[in-house]
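Understanding the architecture of this molecule
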Amino acid sequence: MRIRRKLLLGLAASLAALGLVIPAFQPAYAASLTEVTNFGDNPGRMRMHIYVPDSRPARPATVVAMHGCGGSGPGFYSGSEFAGLADRYGFIVIYPTATQQAGFGNCFDTWSDAAKRRGGGSDPVSIISMIRYAQQQYGADPDRVYATGSSSGGMMTNHMLALYPDVFKAGAAFMGVPYNCFANAADYPPGSSQCTGGNMNRTPQQWGDAVRAAYPGYTGPRPRVQLWHGTNDTLVPYSLLQETIEQWTNVFGLSQTPTSTDTPQTNWNRRRYADSSGTVQVEAYSIQGAGHSLPAGGMAAAAVQFFGLTTTPSPTTSPTTSPTTSPSPTTSPSPTASPTPPPGSGACRVTVNVNAWNNGLTEDITVTNTGAAINGWSLVFTLPAGQTITSGWNATYSPASGQVTARNVGYNAAIPANGSVSIGFQATHSGNTARPSSFTLNGASCTIA
């Protein structure tokens, strides 16, 4: 989305089991991941990888995507959905690799005195240099910079939003902790830390004061914040989600009572905190039953939507597929619509494109409605044996294997006559990379192009 040597080794093994060490498979995206070795001031001695989609606007947005302890930039690229979303929506992704050890290895520095001072040095300054590089080299828009990350990367997300509110427009922190939760390097590794020991409880005012002290005198706009945490997380306790909510709502001067609550997907409980104009400044997701193993299952897509990046870009080159446009991030997605009566037989056409590698694949599906307009749809297909969906976009998928039903999300429920909707998913496989042999849309069989 953190003691002795034996304990640290045991914790590192737990990290791998819990998904913090991202599997090193390589998705087949249109562009390629590139390492930049001379990107500017680098006091954190970090590595920089960048993903620049082939189709992008003249001034693309930038998303900084940060791995967990024990991971790497290329690993987070391979094991998360952000590069695929960049292809779809035309933004640049920077994947930093931390080199600080802090017990686990490759953890982002959120504990040192240098890292807690704006411009003080260590990893935060290195990350700012990477952002400046993207702006100078690719014309990236300085007014559309976003941060996200998992575990240690989630911690650094909150950290960067506090230190550099003038640089970032929004952030999405998965399994993070509040800014300034770690007192020093000795307190850092989760498992031996006061911060992650399960007893951290400061007042909203104290948490908010910590952020305000990170950039004294700053009175400009603050980046909007999205937070994610699994209710069964024991490495970075779920209780820290509430502490982080208290921190950012206090920074924005908002009530601790959410302005709205809902369940966007099964087991996703969302709390939103809007200001007097109705703009959602803070939103928090509790993922029921999840441990320390986020993001997955469309969570990255929800983060990108919160950033406001899911509108069709004006490309410098023609995109191979047209991205789906979704609502503004301050508007709650509409509930999934009830499907209209099934269209007649042969009233749909499906195009499928599979890109496979090692033990993984992505599948892009375009559904064209050749019948009457529908509002609310479900697409049913059977995955070949050995395939299991791990995440998806523009639809919800259930179950993850066998006969799967993909259902519309709020923003793409309607398909007009002769209109199309594009969805897709990422899956693991055990050798069989075939596409499904048949599809039905609202119960009617589709032809396969």
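Residues numbered from 1 in each chain as written. Predicted model: local features only at pLDDT ≥ 70, side-chain atom pairs only at ≥ 80, totals over all residues. Heavy atoms only, no water.

**What about the side chain of Ser-151?**
Applicable threshold: Helix numbering and strand numbering both begin at the N terminus, where a helix is a DSSP run of H or I of at least 4 residues and a strand a DSSP run of E of at least 2. Here a polar contact means two N or O atoms within 3.5 Å. Within protein one must be a hydrogen donor candidate and the other an acceptor candidate, and residues neighboring in sequence count only if both atoms are side-chain atoms.
By the element assignment, Ser-151 lies in the loop between β5 (145-150) and α5 (152-163). Polar side-chain contacts of Ser-151 include one of 2.8 Å to the side chain of His-292.

**Focus: the sheet that holds strand β16 (residues 396-398)**
For sheets, the rule is that strands pair by backbone hydrogen bonds, running either parallel or antiparallel. Note the following rule: Pairing between strands is defined by DSSP: at least two bridges between them are needed.
Here we have five strands laid out as an open sheet, ordered β16-β17-β14-β20-β21, and antiparallel in their pairing. In the strand order of this sheet, the two ends are held by β16 and β21 (444-445), each with one partner. Two strands pair when backbone bridges link them, and strand β14 (residues 378-382) and strand β20 (residues 439-441) are joined in this way by three bridges, in the antiparallel orientation. Bridging across to β20, Leu-379 finds its partner in Leu-441.

**Concerning the packing of aromatic side chains**
Going by this rule: Two rings from Phe, Tyr or Trp (for Trp, the six-membered ring) form a pair when their centres are within 6.5 Å of each other. A pair whose planes differ by under 30 degrees is stacked, one over 60 is edge-to-face, and the rest are tilted. Charge-over-ring contacts are defined here by two conditions on Lys NZ or Arg CZ: a distance within 6 Å of the ring centre and an angle within 35 degrees of the ring normal.
Scanning the entire structure with this criterion turns up 12 aromatic pairs. Three or more aromatic residues joined by ring pairs make a cluster, and in this case those are Phe-174, Trp-228, Trp-268 and Tyr-285. The ring of Tyr-215 carries Arg-118 above its face, with NZ or CZ at 3.9 Å from the centroid. A cation over a ring is seen here: Arg-224 above Phe-306, with NZ or CZ 3.9 Å from the ring centre.

**Quick look at unusual backbone geometry**
The condition is simple: Under the scheme applied here, a residue whose accessible area is under 20% of the maximum for its type counts as buried, over 50% as exposed, and between as partly exposed, the area being computed with a 1.4 Å probe on protein chains only.
The peptide bond linking Ser-398 to Pro-399 adopts the cis configuration, its omega dihedral lying at -10°. Examined against the element boundaries, Pro-399 turns out to sit in the loop between β16 and β17 (403-407). We note that Arg-45 has phi near 55°; this positive angle belongs to a residue other than glycine. Here Arg-45 is to be found in the loop between β1 (33-36) and β2 (47-51). Given a relative accessible area of 57%, Arg-45 falls into the exposed group. One non-glycine residue with positive phi stands out, namely Asn-442, at about 50°. Looking at where Asn-442 falls in the secondary structure, it is placed in the loop between β20 and β21.

**Some words on helix α3 (residues 82-89)**
When you tally the buried positions in α3, you get six out of eight residues, the bulk of the element. Residues Phe-82, Ala-83, Leu-85, Ala-86, Arg-88 and Tyr-89 constitute the buried set of α3. Backbone geometry just after α3 places Gly-90 at a positive phi near 80°.

**A look at the environment of Ile-128**
Examined against the element boundaries, Ile-128 turns out to sit in helix α4 (residues 122-138). Taking the C-alpha atoms as reference points, Ile-128 and Val-64, 64 residues apart in sequence, are found 9.9 Å from one another.

**So, the pattern of salt bridges**
Stated formally: Any Lys or Arg side-chain nitrogen found within 4 Å of a carboxyl oxygen on Asp or Glu counts as a salt bridge.
All chains considered together, the criterion is met by eight salt bridges. For Arg-59, the salt bridge identified is with Asp-141, shortest N-O distance 3.5 Å. Here the residue Arg-59 occupies a position in the loop between β2 and β3 (62-66), and Asp-141 occupies one in the loop between α4 and β5, the gap between them amounting to 82 residues. Taking relative accessible area as the criterion, Arg-59 reaches 46% and is therefore assigned partly exposed. By relative accessible area, which is 11% here, Asp-141 ends up buried. Residues Glu-283 and Arg-270 are paired through a salt bridge, measuring 4.0 Å at the closest nitrogen-oxygen approach. With Glu-283 in strand β10 (residues 280-287) and Arg-270 in strand β9 (residues 268-274), this residue pair connects regions lying 13 residues apart in the sequence. Here Glu-283 falls in the buried class, since its relative accessible area comes to 2%.

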